[in-house]
Amino acid sequence: MPPTPALNRFHKLIDDISRLYVKARNMQVQFGWETGRRLVEEEQNGAVRAVRGAGLIQRVSEVMTQKYGAGFSESNLRKMRQFYLLNPKHSVPSVMDWTYHVELLPIKDEKTRRRLEERVLKEDLTSAELRQLVRKIRKGSPPRSPSE
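This text gives an overview of the structure that appears in the document. Fair warning: this is a prediction, and the values are worked out from it, not measured in the lab.

With respect to a nonpolar patch on the surface
Part 1 of the argument: Residues L7, F10, L13, I14 and I17 make up a contiguous nonpolar surface patch of about 440 Å² in total accessible area.
Part 2 of the argument: Secondary-structure assignment places I17 in helix 1 (residues 5-45).

Below is the structure:
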């Protein structure tokens, strides 16, 4: 029996919402990279200093949090800055969610970071599994499967 028009519409709704969700997640990565880029550009020009000697990131955090609410903590802005510094030539393809990119920030070696990115995609790792791998690498242990 062929699907009913209502069922077809429901499947289309799910597909449409799924596309919107993926697009939003990709934009989150792009937002992090662009924000980091702008922070680095302003720091390097050296022209922007907040009132009373406070740092740029602290002041941006205060203003943006007042304007838009949570999500603009100094810690988040520092992560965006670091993300850009680790990927300065171009925005990273948004194959992974922002959470995964944040988990990879402690890995300074680009080859190791790229291998872990490939592993996330190949093995469909969760962010918690990736966090375990990053901790092992930082402690000097060779990375193994998260289930080990």
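Additional details are given in the paragraphs that follow.
Regarding the packing of helix 5 (residues 110-123) against helix 6 (residues 127-138)
Part 1 of the argument: Helix 6 packs onto helix 5 with a crossing angle of 155° between their chain directions and a minimal axis gap of 11 Å. Taken together, the axis directions place helix 5 and helix 6 in an arrangement best described as roughly antiparallel. Once helix 5 is placed against helix 6, the crossing between them reads as right-handed. Facing T112, L116, R119 and V120 of helix 5, the residues of helix 6 in contact are L130, L133, V134 and I137.

Things to note about helix 2 (residues 56-68)
Part 1 of the argument: Relative to the 18 Å expected for 13 residues at 1.5 Å per residue, helix 2 spans 18 Å between its end C-alpha atoms, a close match to the ideal helical length.
Part 2 of the argument: All buried positions along helix 2 are accounted for by L56, I57 and S61. Projection of helix 2 onto a plane perpendicular to its axis shows the buried side chains occupying an angular sector of 125°, all on one side. Those residues of helix 2 that are exposed and aimed more than 90 degrees away from the buried face are Q66 and K67.
Part 3 of the argument: Contact partners of the buried residues in helix 2: helix 1 and helix 3 (74-86).
Part 4 of the argument: Of the residues one or two after helix 2, G69 is the one with positive phi, at around 90°.

Overview of the nonpolar core
Part 1 of the argument: Judged by nonpolar contacts, the single largest core of 15 residues is most densely connected at L39, L77, F83, W98 and L105.
Part 2 of the argument: The set of elements that each furnish at least two residues to this core consists of helix 1, helix 2, helix 3 and helix 4 (98-104).
Part 3 of the argument: By residue number, the principal contributor to this core is helix 3, which donates 5 residues.
Part 4 of the argument: L104, L130, L133 and V134 belong to the second-largest nonpolar core, a separate cluster that totals 10 residues.

Scoring rules and cut-offs
- Residues numbered from 1 in each chain as written.
- Predicted model: local features only at pLDDT ≥ 70, side-chain atom pairs only at ≥ 80, totals over all residues.
- Heavy atoms only, no water.
- Patch = residues over 30% accessible without salt bridge, like charges linked within 9 Å, V, L, I, M, F, W, Y side chains within 5 Å.
- Areas by Shrake-Rupley, 256 points an atom, 1.4 Å probe, with all protein chains shown as cover.
- Salt bridge = Lys/Arg side-chain N within 4 Å of Asp/Glu carboxyl O.
- Helix = DSSP H or I, 4+ residues; strand = E, 2+ residues; numbered from the N terminus.
- Axes fitted to C-alpha atoms, helices over the stretch in contact; angles between N-to-C directions.
- Parallel < 35°, antiparallel > 145°, perpendicular 65-115°, else oblique.
- Left-handed = near helix turned anticlockwise from the far one by under 90°.
- Contact = heavy atoms within 4.5 Å.
- Expected span 1.5 Å × (residues − 1).
- Buried < 20%, exposed > 50% of the residue type's maximum accessible area, 1.4 Å probe, protein only.
- Arc of directions from axis to C-beta.
- Core = buried A, V, L, I, M, F, W, Y, C linked by side-chain atoms within 4.5 Å.

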